[in-house]
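# A closer look at the structure
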Amino acid sequence: MSTLGIVNSDPEIQKSIEFAFEQRQDLQTSNYKKDLLFLVQEDEIVEFLKYALPEIVVINFSDPLIDINKIINQIQNDKWILNFGIIGLFDNTADREEELLKKYKAINVLVMLDNCLVKSHLVKSIECIEQNYQIIFQREFSKTFLEGSSGSFIIDNDIQAVPLYAGIGATILSQRGLINPDRKMHLQLALIELIINGIEHGSCGISYDEKTDALEAGISSVDLIKEKCKDPFINAKKVFFNWDIKPDKSTFIIRDQGSGFDVKAFIEKLKTQDDYSLHGRGIKMAAKLSHKLKYNTKGNHVALIVNHDKSVEYEVPVGFTGEQVVIVKKGDVIMREGDPNDFLYYISSGTYEVIHNDICVGSLSAQDIFMGEMSFLLNKRRSATIRATSAGKLVLLTQKTFINIIREYPHYGVFLSKLLAKRLVRSNKQAAERQ
């Protein structure tokens, strides 16, 4: 059980948070537990951040009894405690999300939740971030290693969770000053609609007419999807949500496992519908908000491209840019067992299998952050072969670069220790399951 630090003094918000976790733990299939530590005094907040070294912290940005600005200034001025993910809470009667994102753009806010969504969205947000561990650290790593970053989510057929995934993708751009914060909500809505399209029409195979009949009969999309997912074959399908951030633009890709649709015919059909139709809103909205919206021929893959707003001011800390970026194809051998080890890789995207003595003994993805760090740290030859199981992107870090990074950012050393501990726990669990 891990401890979750919550910067909040509002008793009503505390009740909502406690209720959210109690409700989650009451689920029969759940073993998800957290120790909740509510922090109010400035000294206890800073002490927790310095010595607990949390990965996720919840902060009530609208709390009237805590000097949030003073806390944030301390976080910004101390590299040791800067690198963690923040879930922000706010009161929409007192603060605007866009203004908060702009005000606190220098810290790592991953999600912003209106107080009314705490009960329904907070625990799911934490789980989503923890299952995609790399996004906590990608903000700082992307500044340190390269001018850009990638991310990916694998989404089940649960449209109630879609706003969380879309919100993280849109918030990252807003937080980094790549788009005006005022556009964040519009981008999030466009992504929500496209992902839901992937679930409804792709994974679940719900046709235009079927959805129309259901809505006219008073059956919601949520209930229609639940009914479809009683079929194990449909329930097993996923929607893949990826983003790739470059200096000048960001590309969001939504891909489903459905049979696709006739894109040209559907777009022609949309031209005859009014703007208030229940069909096609996602495509219309995304087309208006993006600089380019492109479907593949099959219709199960859509790319939404957003050009960055050059007028938004954003200070990027000096780091180690210019490292070698390696574009990987499926089947590429990244490193071989017995090879020298004077470098390691930062995993930006892709999936990889770990092979020892011709046997697959594990897998790696962007969630694992690094590849080849064990033999690198121990000054030994590679202990395994690593082969790409999908296309991806890696950043090659030499020994000199990595040592300089640790000197400049000493908290990376602690982070690396925690990362290796997580790997060990996972390996032990996998070994126990194989017995």
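First things first, this report covers the structure right here in the doc. (Residues numbered from 1 in each chain as written. Predicted model: local features only at pLDDT ≥ 70, side-chain atom pairs only at ≥ 80, totals over all residues. Heavy atoms only, no water.)

### Focus: the pattern of salt bridges
How we decide: Put simply, a salt bridge is a Lys or Arg side-chain nitrogen that is within 4 Å of an Asp or Glu carboxyl oxygen. Only DSSP runs of H or I covering at least 4 residues are called helices, and only runs of E covering at least 2 are called strands; the numbering of each starts at the N terminus. Using a 1.4 Å probe on the protein chains alone, a residue whose accessible area is under 20% of its type maximum counts as buried, one over 50% counts as exposed, and one in between counts as partly exposed.
According to the stated counting rule, one finds 13 salt bridges in the structure shown. Put simply, Lys34 and Glu130 hold a salt bridge, and the shortest N to O gap is 2.5 Å. Linking Lys34 in strand β2 (residues 34–39) with Glu130 in helix α6 (residues 118–131), this pair joins segments that are 96 residues apart in sequence. Overall, the relative accessible area of 28% leaves Glu130 in the partly exposed class. For Glu227, the salt bridge identified is with Lys230, shortest N-O distance 3.1 Å. Overall, Lys230 belongs to the exposed group, its relative accessible area being 62%.

### Some words on the packing of aromatic side chains
To keep it simple, the criterion reads: Whether two aromatic rings pair depends on their centres lying within 6.5 Å, for rings of Phe, Tyr and Trp, where Trp uses its six-membered ring; planes under 30 degrees apart make the pair stacked, over 60 edge-to-face, and the rest tilted. In this analysis the charged atom, NZ for Lys or CZ for Arg, is taken to sit over a ring once it is within 6 Å of the ring centre and within 35 degrees of the ring normal.
A full pass over the atoms with the stated rule returns 8 aromatic pairs. Ring centres of Phe61 and Tyr104 lie 4.7 Å apart, and the angle between their planes is 25 degrees; this geometry places the pair in the stacked category. Pair noted here: Phe61 is in the loop between β3 (56–60) and α3 (68–76) and Tyr104 is in the loop between α5 (97–103) and β5 (109–114), with a separation of 43 residues, a long-range link. For the pair Phe61 and Tyr104, a shared accessibility class is recorded, and that class is buried. In this structure an aromatic cluster arises from ring pairing among Phe153, Tyr165, Phe241, Trp243 and Phe252. Its guanidinium or amino end placed over the ring of Phe19, Lys119 lies 5.0 Å from that ring's centre, counting from NZ or CZ. Over the ring of Phe343 we find Arg382, and its NZ or CZ is 5.0 Å from the ring centre.

### Some details on helix α16 (residues 399–408)
For clarity, the cut-off: This arc describes the spread of directions from the helix axis toward the C-beta atoms.
Among the residues making up α16, those that are buried are Thr401, Phe402 and Ile405. Projection of α16 onto a plane perpendicular to its axis shows the buried side chains occupying an angular sector of 95 degrees, all on one side. Facing away from the buried side of α16 by more than 90 degrees, the exposed set consists of Lys400 and Arg407.

### A few points about the layout of surface pockets
The gaps of empty space that remain are located by a probe, the size of a water molecule, rolled over the atoms. To keep things clear, this is the line we draw: In the cavity and pocket records, a cavity denotes points on a 1 Å grid over the protein atoms alone where a 1.4 Å probe fits but cannot get out, a pocket denotes an open set with protein on both sides within 12 Å along at least 5 of 7 lines, and lining residues are residues with an atom within 4 Å of a point. Grid points are joined across faces, edges and corners, and a volume is the space filled by probe spheres set on the points. Under the grouping applied here, Gly and all other residues not named as nonpolar or charged are polar, the nonpolar ones being Ala, Val, Leu, Ile, Met, Phe, Trp, Tyr, Cys and Pro and the charged ones Asp, Glu, Lys and Arg.
Here the second largest pocket defines a volume of roughly 820 Å³. Around the second largest pocket, the lining is made up of 30 residues, and of these Gly151, Ser152, Asn242, Ser349 and Gly350 lie nearest the centre. Put simply, the parts of the chain that give the lining of the second largest pocket at least two residues each are β6 (149–155), β7 (239–245), β8 (249–256), β11 (324–328) and β18 (392–398). Per-element accounting of the lining of the second largest pocket gives the leading share, 5 residues, to β6. Considering only residue class, the lining of the second largest pocket consists of 10 nonpolar, 16 polar and 4 charged.

### Examining the sheet that holds strand β16 (residues 370–371)
Heads up, the condition is: A pair of strands is labelled paired if DSSP reports no fewer than 2 bridges between them.
Across the sheet, which stays open at both edges, the 4 strands sit in the order β11-β18-β13-β16 with antiparallel pairing between neighbours. The open sheet terminates on both sides in strands that have one partner only, identified here as β11 and β16. As judged from the 6 bridges shared by strand β13 (residues 343–349) and β18, these two strands associate in the antiparallel manner. Bridge pairing in β18 links Ser349 to Lys393.

Read these as spatial facts, not as claims about activity.
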